[in-house]
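Given next are the chains, with one letter for each unit.
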Amino acid sequence: MPAQTSSDGGKWKVALIGSGNWGSAIARLVGKNIKERSDEFDTEVKMWCYEEDFDGRKLTEVINEKHENIKYLPGIDLGDNVVAEPDLIKAIEGANALIFVIPHQFIIETCKQLEGKVPSNTQAISLVKGVDVKDGQIHIFSEVIKEHLDIECAALSGANIANEVAKEAFSETTIGCRDIEVAKRWARLFETEKFRVAVSKDVLGVSLGGALKNVVAVAAGLIDGLQWGNNAKAAIMRIGLLEMKRFALEFFPGTEPETFVQESAGIADLITSCLGGRNRKCAEAFVTTGKTFDQLEKEMLNGQKLQGVQTAKELHEFLKARGKADNYPLFTFVYRVAYEGVKPDTITAHI
Ligand SMILES: NC(=O)C1=CN([C@@H]2O[C@H](COP(=O)(O)OP(=O)(O)OC[C@H]3O[C@@H](n4cnc5c(N)ncnc54)[C@H](O)[C@@H]3O)[C@@H](O)[C@H]2O)C=CC1
Ligand SMILES: O=C(CO)COP(=O)(O)O
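Please read these numbers as outputs of a predicted model, since none were measured by experiment.

(A) Representation of the site of ligand 2 in the model. The immediate surroundings of ligand 2 are formed by 13 residues, with N160, S273, G277, R278 and N279 found nearest. With 3 residues, helix α11 (residues 264-276) is the largest single contributor of residues to the shell around ligand 2. In terms of residue class, the shell around ligand 2 is built from 3 nonpolar, 7 polar and 3 charged. Looking at which domains feed residues into the shell around ligand 2, each of domain 1 (14-201) and domain 2 (212-350) gives three or more.

Laid out in C-alpha cells, this is it:
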C-alpha cells in the first residue's frame, strides 16, 4: 500500500518528549499502533527521558534493556520499538511529529532547549494538563509550544488514567486540532479499539478541561479525606465543572462550551480524576495526615508529579491580579487550603 499523505506529506516520524506515567503509557500505545501502520509512520519511536539513576543504574539503560519503565510504569511492556533517549536533541532528531507529555511545570525549560532546533514543517501535540501563567497572562500549552518552536500544536486530553490505558482497559479521549487533515492523522496514530479518539476543533476547550479539572480533583480529594460521602463529592464535581466552563469562556474567548459537557476532555476527565487520580489521592491524605502537598507528593507518588495544587496557585495569581479571585470560589478555596492554611472542613462557607 502506498504511503498515505497528509497536509505535510510523507511519513511521520514520531518522538515523545516525556517518559513519566502517562508518557510511558502513550509511548506503548503509539509504538504498538505504529507497527500496524508502518505505511504512514516510521516504526521506531524515540522517547526522551529526563535522566535519573534507578537502583544505581541509568533509568534509560534499564528501559532499553527491559522494554519497561520500571519506575514510572512498572509491569508494562513498552515494546521493542520504543527507544528511551536521555539527550533531548538526539531524541527529536529526524522527527516530524512531536508528542509533548511532561508535567506542566517543566514545559517552558524544555521548550527553551528546543528553540531553533525543530524544522518548521513539524507537527506537535500537547498531552500536558496545566496552564502557563506569566506576567499576568495565561496560556494553554499548545500555544506555549507554538510560540517557542514556531510549529503547529494540537492537544489531546481525556479521561485517561495512565495505568488503565496501559492495561488496555477501554477509554475515550479528545484531540483538539484546527487542521482537520492533521487531526485525522493524529487520530490514526493514537486510536485503538480500546482507546477511542474523538476529534474537535476546540483546542482551547480540550486543553482547559484537562488543566482545570486537576484543581477540582484536589477539592474532591479533600471531601474524601473529610469522609463527607458521595453527595458532597458529586456537588464538588458539579460546582467545579461550572467554574471550569465559566473560567474558560471568560478568559479564553472562542472556547466551545459544549466541550465541557460532551467530550471526554470535559466531564468524563473530571469524573475519573475525582474518583481515581493522583490529585484526589494526595488531597485525601492531606486531610488525614496533616502533611503538606510537597511531602505527600514525595512520599506517595515515587517521582510522579501533582499538577492540581500548582495549577490552583497559578490560577490564583492570575485571578488575583484581575481582582477576580472571589468569582471563582472553588479554585480560590483549593489555593487557600494548600497555601494559606484554610481548613478543608470550612469548604461550604467558601463555595
Ligand atoms: N498520569 C496520568 O494518568 C495522566 C497524566 N496526564 C498529564 O500528562 C502530563 C505528564 O504526566 P506524567 O507522564 O504522568 O508525568 P509524571 O507525573 O509521571 O512525572 C514524572 C516525569 O517527570 C519527569 N521530570 C522530572 N523532572 C523533570 C524536569 N526537570 N524536566 C523534564 N521532566 C522532568 C520525570 O523524569 C518523569 O518522567 C501531566 O501534565 C499530566 O497531568 C494526562 C493524562 C493522564
Ligand atoms: O489526568 C488524569 C486522568 O485523565 C490523571 O489525573 P491525576 O494527575 O490526578 O492522576
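Let's pick the thread back up.
(B) Quick look at the UniProt feature "binding site: substrate" (unreviewed entry) in the protein. UniProt feature "binding site: substrate" (unreviewed entry): in the numbering of this structure it lies at K129, R278 and N279. These annotated residues cover 151 residues of sequence, but their C-alpha atoms sit close together, with the largest distance between any two at 13.0 Å. Tracing the backbone through its elements, the reader meets R278 in helix α12 (residues 278-289). Overall, R278 belongs to the buried group, with 23 C-beta atoms counted inside 10 Å. If near-sequence neighbours (up to four positions away) are discounted, R278 is found in contact with L301, Q304 and L306. Note that N279 resides in helix α12. Residues within four places of N279 in sequence aside, it is in contact with N214, A217, V218, G221, S273, L306, Q307 and G308.

(C) Seen up close, the site of ligand 1. Close to ligand 1 lie 25 residues, the nearest being G20, N21, W22, K129 and A162. A total of 3 residues in the shell around ligand 1 trace back to one element, the largest contributor, which is helix α1 (residues 21-36). Per-domain counts for the shell around ligand 1 show at least three residues from each of domain 1 (14-201) and domain 2 (212-350).

Rules behind the numbers
- Residues numbered from 1 in each chain as written.
- Chains lettered and ligands numbered in written order.
- Predicted model: local features only at pLDDT ≥ 70, side-chain atom pairs only at ≥ 80, totals over all residues.
- Near = placed C-beta within 6 Å.
- Helix = DSSP H or I, 4+ residues; strand = E, 2+ residues; numbered from the N terminus.
- Nonpolar A, V, L, I, M, F, W, Y, C, P; charged D, E, K, R; others polar.
- Domains from an automatic or database assignment.
- UniProt positions renumbered as here; feature names shortened; annotations may be inferred.
- Buried ≥ 20, exposed ≤ 12 C-beta atoms within 10 Å, placed from the backbone.
- Contact = placed C-beta atoms within 7 Å.

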